[in-house]
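The residues making up each chain are set out below.
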Amino acid sequence: RFALRGESPQMVTYSVYENKAYLPRSYLLGNTEALSVADPSLNARLSKLDPRKLLLVENSAQLKEPRQSFKEATVVDYSPTRIVVEAELDSPGYLVLCDMGSPGWTAMVDGTEVKISPVNVSFRGGPLSPGEHRIEFTFEPPLRTVGLVITAIGLVLVGLLFWNEFRPVDAEAADRDDTPEHHAE
């Protein structure tokens, strides 16, 4: 029961809908076509796309026949900066991770770095050979290193300013600076 402040409680009706055709977080598929975001027919292609049967992949590598049929991959670890997926393929295919792709993500397949490609415009993925694989996606903000260098330089400069301001003064040098000849110049 819900009520606005100062009003009597009332029943609120609501409905819960279940999407029975959802896509898993990560899946495998071998049927691909090239994707170009500059393609004027892209919206029409996407509106007719069945992601369980076809992937639109930017820079797609042509896979050998036969190709992997739709199959769910297992997400074994998921955090904001690290995702680990395990996959077993019968034929060549693509791993698709149904998360928004963005700069800063890298992928390792069985310990070897691989290129991540945009899949179906907004997701990410990459080709896999037949067999069992462990895929690890990691995120590092693109400007993190630049930020660390700028911070380090700033700290060094502040440290030098404090050291110069509060360093012990040599008594002889101070006496030489206060002599009348020094002030006459």
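Residues numbered from 1 in each chain as written. Predicted model: local features only at pLDDT ≥ 70, side-chain atom pairs only at ≥ 80, totals over all residues. Heavy atoms only, no water.

Participant: How would you summarise the confidence of the model for the protein chain if you had to cite specific residues and measurements?
Facilitator: Summarising the model, the protein chain shows a mean pLDDT of 85, and 88% of its residues fall at 70 or more. Within the protein chain, strand S6 (residues 82-89) carries the highest mean pLDDT (97), whereas helix H4 (residues 180-184) carries the lowest (56). (pLDDT = per-residue confidence, 0-100. Helix = DSSP H or I, 4+ residues; strand = E, 2+ residues; numbered from the N terminus.)

Participant: If you had to explain a nonpolar patch on the surface to someone new, which residues and values would you point to?
Facilitator: On the surface, a nonpolar cluster with roughly 460 Å² of combined accessible area is contributed by Val149, Ile153, Val156, Leu157 and Leu160. Position of Val156 among the secondary structure elements: in helix H2 (residues 144-166). (Patch = residues over 30% accessible without salt bridge, like charges linked within 9 Å, V, L, I, M, F, W, Y side chains within 5 Å. Areas by Shrake-Rupley, 256 points an atom, 1.4 Å probe, with all protein chains shown as cover. Salt bridge = Lys/Arg side-chain N within 4 Å of Asp/Glu carboxyl O.)

Participant: Lay out the side chain of Asn120 with the relevant residues and their values.
Facilitator: Along the chain, Asn120 turns up in the loop between strand S10 (117-119) and strand S11 (123-128). Asn120 sits in the buried class, given a relative accessible area of 8%. Not counting chain neighbours up to four residues away, the residues in contact with Asn120 comprise Tyr27, Leu35, Leu49, Pro51, Leu54, Leu55 and Leu56. (Buried < 20%, exposed > 50% of the residue type's maximum accessible area, 1.4 Å probe, protein only. Contact = heavy atoms within 4.5 Å.)

Participant: For the sheet that holds S6, give the residues involved together with the corresponding values.
Facilitator: Strand order across the open sheet formed by five strands is S5-S6-S12-S8-S9, with antiparallel pairing between neighbours. A strand with exactly one partner marks an edge of an open sheet, and here the two such strands are strand S5 (74-79) and strand S9 (112-114). For this sheet, the mean angle separating the axes of adjacent strands, direction not counted, is 25°. (Pairing = 2+ DSSP bridges. Axes fitted to C-alpha atoms, helices over the stretch in contact; angles between N-to-C directions.)

Participant: Describe in detail the packing of aromatic side chains, supporting the description with residues and values.
Facilitator: Centre-to-centre distance and the angle between the planes together describe a pair of aromatic rings. Per the counting criterion, the structure on display carries two aromatic pairs. Ring geometry for Tyr27 against Phe70: centres 5.0 Å apart, planes inclined by 35°, an arrangement best described as tilted. Taken together, the positions of Tyr27 in strand S1 (residues 26-29) and Phe70 in the loop between strand S3 (55-58) and strand S4 (71-72) put the pair 43 residues apart, joining distant regions of the chain. Pairing Trp105 with Phe139 gives two aromatic rings, centres 5.3 Å apart and planes at 45°, and the pair type is tilted. Of this pair, Trp105 sits in strand S8 (residues 105-109) while Phe139 sits in strand S12 (residues 131-139), and the two are 34 residues apart along the sequence. Judged by its relative accessible area of 15%, Trp105 falls in the buried class. For Phe139, a relative accessible area of 27% puts it in the partly exposed group. Sitting over the face of the ring of Tyr78, Arg25 holds its NZ or CZ atom 4.5 Å from the ring centroid. (Phe/Tyr/Trp six-rings, centres within 6.5 Å; stacked < 30°, edge-to-face > 60°. Lys NZ or Arg CZ within 6 Å of the ring centre and 35° of its normal.)

Participant: With reference to specific residues and values, describe empty space enclosed by the protein.
Facilitator: Counting across every chain of the model gives one cavity of 30 Å³ or more. Volume-wise, the largest cavity comes out at about 50 Å³. Forming the walls of the largest cavity are Leu95, Ala107, Val109, Val114, Lys115, Ile116, Gly125, Gly126, Pro127, Leu128, Ile135 and Phe137. Where the lining of the largest cavity is concerned, the elements lending two or more residues are S8, S11 and S12. Here the residues of the lining of the largest cavity sort into nine nonpolar, two polar and one charged. (1 Å grid on protein atoms, 1.4 Å probe; cavity = no way out; pocket = protein on both sides within 12 Å on 5 of 7 lines; lining within 4 Å. Points joined across faces, edges and corners; volume = space filled by probe spheres on them. Nonpolar A, V, L, I, M, F, W, Y, C, P; charged D, E, K, R; others polar.)

Participant: Lay out the pattern of salt bridges with the relevant residues and their values.
Facilitator: In total, this model carries 10 salt bridges according to the counting rule given. Residues Arg45 and Glu33 are paired through a salt bridge, measuring 3.0 Å at the closest nitrogen-oxygen approach. Of this pair, Arg45 sits in helix H1 (residues 42-48) while Glu33 sits in strand S2 (residues 32-35); the two residues are 12 residues apart in sequence, bridging distant segments of the chain. The salt bridge involving Glu86 is made with Arg134; its shortest N-O contact spans 3.0 Å.

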